[in-house]
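Take a look at the letters that make up each chain.
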Amino acid sequence: MNLSIRGAIPLLFATGLAQAAPVHQHGRAEAAVAVDDATLTLSFRAPLMDILGVERAPESEAESHHFQEQLDLVVAPLPAEAAGCTLQEEKVTDLAALFPAGDGHHHADDHDHDHDHDHDHDDHHHAHHQDLEATWTYQCDHIAELNAVTWPFLADFPSLTTEVILLLPSGQGARTLNSGDTRLPLE
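This section reports on the structure supplied with the text. (Residues numbered from 1 in each chain as written. Predicted model: local features only at pLDDT ≥ 70, side-chain atom pairs only at ≥ 80, totals over all residues. Heavy atoms only, no water.)

What follows deals with the side chain of D50. Structurally, the position occupied by D50 is in helix 3 (residues 48-52). One buried charged residue, D50, remains without a salt bridge, the closest side chain of opposite sign being R28 at 9.1 Å. Separated by 2.6 Å, the side chain of D50 and the backbone nitrogen of G27 make a polar contact. If we skip the residues at most four places from it in the chain, D50 touches Q25, H26, G27, R28, F157, S159 and L160. (Helix = DSSP H or I, 4+ residues; strand = E, 2+ residues; numbered from the N terminus. Buried < 20%, exposed > 50% of the residue type's maximum accessible area, 1.4 Å probe, protein only. Lys, Arg positive; Asp, Glu negative; His and termini not counted. Salt bridge = Lys/Arg side-chain N within 4 Å of Asp/Glu carboxyl O. Polar contact = N/O pair within 3.5 Å; in protein donor to acceptor, adjacent residues only side chain to side chain. Contact = heavy atoms within 4.5 Å.)

Moving on to the sheet that holds strand 6 (residues 148-150). Strand order in the open sheet formed by three strands is 3-6-9, with antiparallel pairing between adjacent strands. Each of the sheet's edge strands pairs with one partner strand only, and the pair in question is strand 3 (78-79) and strand 9 (183-185). Bridge analysis of strand 3 against strand 6 gives two bridges, and the strand direction is antiparallel. Bridged to P79 within strand 6 is V149. (Pairing = 2+ DSSP bridges.)

Below, the discussion takes up the environment of S179. Summarising the element assignment, S179 is placed in the loop between strand 8 (171-177) and strand 9. Under the relative-accessibility criterion, S179 is labelled partly exposed at 43%. For the pair S179 and L154, spaced 25 residues apart in sequence, the C-alpha to C-alpha distance is 7.7 Å. Not counting residues up to four positions away in its chain, the partners in contact with S179 are P158, L160 and T161. Among the polar contacts listed, one links the side chain of S179 to the backbone oxygen of P158, at a separation of 2.5 Å.

Our focus in this paragraph is the sheet that holds strand 8. Strand order across the open sheet formed by six strands is 4-5-2-1-7-8, with mixed pairing between neighbours. Looking at which strands have only one partner, the edges of the open sheet turn out to be strand 4 (85-92) and strand 8. Put simply, the sheet's adjacent strands are angled 15° from each other on average, direction ignored. (Axes fitted to C-alpha atoms, helices over the stretch in contact; angles between N-to-C directions.)

Taken as a whole and judged by the stated rule, the model has six aromatic pairs. On the basis of an interplanar angle of 40° and a centroid distance of 6.4 Å, the ring pair of F44 and W151 is categorised as tilted. Of this pair, F44 sits in strand 2 (residues 39-47) while W151 sits in the loop between strand 6 and strand 7 (161-168), and the two are 107 residues apart along the sequence. Summarising the burial analysis for this pair, F44 and W151 share the class buried. An angle of 70° between the planes, with centres 6.4 Å apart, marks the rings of W136 and W151 as edge-to-face. Here W136, found in strand 5 (residues 131-140), pairs with W151, found in the loop between strand 6 and strand 7; they are 15 residues apart in sequence, far enough to count as distant. The two residues W136 and W151 agree in class, both being buried. Grouped by ring-pair contacts, the aromatic residues F44, W136, W151 and F153 constitute a single cluster. (Phe/Tyr/Trp six-rings, centres within 6.5 Å; stacked < 30°, edge-to-face > 60°.)

Dropping the structure here:
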């Protein structure tokens, strides 16, 4: 079974985690740590409510600025130094993606907007049950030395408990980072 772990992550989020916890529970974030050869993929998802304090579009320029500052707190996690990891790619939900300007002007790369148009109109309230999602990809010189990952931003969001799924060469597992914990040991 040569299924790349990278391909499994979205699937994992879509399936495993959906069953593990009610989707979108305030105060609960989800993360994944996946190692595939020398590639380390870290992903994180949290209810917007826990990041911004509200779940609606900003109502002023100042509020937009504040929201962006909150999103900017979600910085790349730090793999254990001994693993020699270099950040290759970072994707974090941005405000524009969360709250499109609403002028019907959609970007080509805004995938899956079209699939759920029918639901979109009747339940506008649900549309804004939103999550912040982030993925970081690293290349590591000494992946075997990866004995921990620190998520510095969790200190900024003390309301969150983070359920972490591990997909490691040694096997799969799950950990919980309680409120205020930032260091995830992997041994």
